Amino acid sequence: MKTRLARAVSLGSYLGLIGLTMLWAIRLGGLPRNQISMTLLLLVLPLLIPLRDILHARHKALVWGMLVALIPLLHGGVTLWAEQWPKAGWAGLELLLAILYIVLGSFFIRWRANASQ
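Residues numbered from 1 in each chain as written. Predicted model: local features only at pLDDT ≥ 70, side-chain atom pairs only at ≥ 80, totals over all residues. Heavy atoms only, no water.

## Things to note about the pattern of salt bridges
Filter applied, for reference: A carboxyl oxygen of Asp or Glu within 4 Å of a side-chain nitrogen of Lys or Arg is what we treat as a salt bridge.
Going through the model one piece at a time under the given rule, you end up with one salt bridge. With its nearest N and O atoms 2.5 Å apart, the salt bridge here joins Asp53 to Arg58.

## Re the side chain of Glu94
Short version of the rule: Labels follow the DSSP assignment, with helices taken as runs of H or I lasting at least four residues and strands as runs of E lasting at least two, numbered in each case from the N terminus. Each residue is placed in one exposure class: buried if its accessible area under a 1.4 Å probe, protein chains only, is under 20% of its type's maximum, exposed if it is over 50%, and partly exposed if it falls in between. Only four residue types enter the tally: Lys and Arg on the positive side, Asp and Glu on the negative side, with His and both chain ends excluded. Should any heavy atoms of two residues lie within 4.5 Å, those residues are considered in contact.
Mapped onto the elements of the fold, Glu94 is located in helix 7 (residues 87-116). One buried charged residue, Glu94, forms no salt bridge at all, with the nearest opposite charge on Lys87 at 12 Å. Not counting the four nearest positions on each side in its chain, Glu94 is found in contact with Leu17, Leu20, Thr21, Pro72, His75 and Gly76.

## Thoughts on helix 2 (residues 36-43)
Filter applied, for reference: As used here, the arc belongs to the directions running from the helix axis to the C-beta atoms.
Within the sequence span of helix 2, burial applies to Ile36, Thr39 and Leu43. Relative to the axis of helix 2, the buried residues are bounded by an arc of 65° and lie together on one face. Away from its buried face by more than 90 degrees, helix 2 exposes Ser37 and Leu42. Where helix 2 is buried, its residues contact helix 1 (2-28), helix 3 (45-48) and helix 6 (70-82).

## Description of helix 6
Spelled out, the test is: Multiplying 1.5 Å by the residue count of a helix minus one yields the expected span of that helix.
The terminal C-alpha atoms of helix 6 lie 18 Å apart, and with 13 residues this matches the ideal 18 Å at 1.5 Å per residue to within 8%. Along helix 6, the residues classified as buried are Pro72, Gly76 and Thr79. Projection of helix 6 onto a plane perpendicular to its axis shows the buried side chains occupying an angular sector of 70°, all on one side. Exposed positions of helix 6 whose direction lies more than 90 degrees from the buried face are Leu74, Val78, Trp81 and Ala82. Elements in contact with the buried residues of helix 6: helix 1, helix 3, helix 5 (59-68) and helix 7.

## Notes on unusual backbone geometry
Backbone torsion omega between Trp85 and Pro86 reads 10°, so that peptide bond is classified as cis. Secondary-structure assignment places Pro86 in the loop between helix 6 and helix 7. Backbone geometry places Ala57, a non-glycine residue, at a positive phi of 60°. Position of Ala57 relative to the elements: it lies in the loop between helix 4 (51-55) and helix 5. Classification of Ala57 by relative accessible area gives buried; the value is 7%.

## Examining the packing of helix 1 against helix 2
Packed helices, taken two at a time, are described by the angle their axes make and the gap between the axes. Stated formally: Lines fitted to C-alpha atoms define the axes, with helix axes restricted to the stretch in contact, and inter-axis angles between N-to-C directions lie between 0 and 180 degrees. Orientation is classified from the angle alone, with under 35 degrees giving roughly parallel, over 145 giving roughly antiparallel, 65 to 115 giving roughly perpendicular, and any other angle giving oblique. For any pair of crossing helices, the crossing counts as left-handed if the nearer helix is rotated counterclockwise from the farther one by less than a right angle, and right-handed if it is rotated clockwise.
Where helix 1 contacts helix 2, the axes come no closer than 9 Å and their chain directions differ by 160°. Classified by the angle between their axes, helix 1 and helix 2 sit roughly antiparallel to one another. Handedness of the helix 1/helix 2 crossing: right-handed. Within the contact between the two elements, helix 1 uses Thr21, Met22, Ala25 and Ile26 and helix 2 uses Ile36, Thr39, Leu40 and Leu43.

Everything listed is a geometric property; what it means functionally is a separate question.
Laid out in structure tokens, this is it:
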């Protein structure tokens, strides 16, 4: 039960992180039009690379996803520190989603490994 819950919340937070990062680059960040493509490449593309295997719950991909989730974690933390409301609120959500994925993905890997032994 706890393994399924950790899996569901970690997967939801990862997909939410992808969506929020795309939304940030296109609408919420206030970026000039000529910088949107590069921002999408730098922030969203790394999240999409391990997505297929994350959807299949492969342990190595989950770990790679956690490493890649450090990029939005840093982006959200710096933006939360530097910006005013409402950008700080969106950055806080980005930070929360990245932390949720990293923590619950770690628990999912551990609990599933213990259950299989």
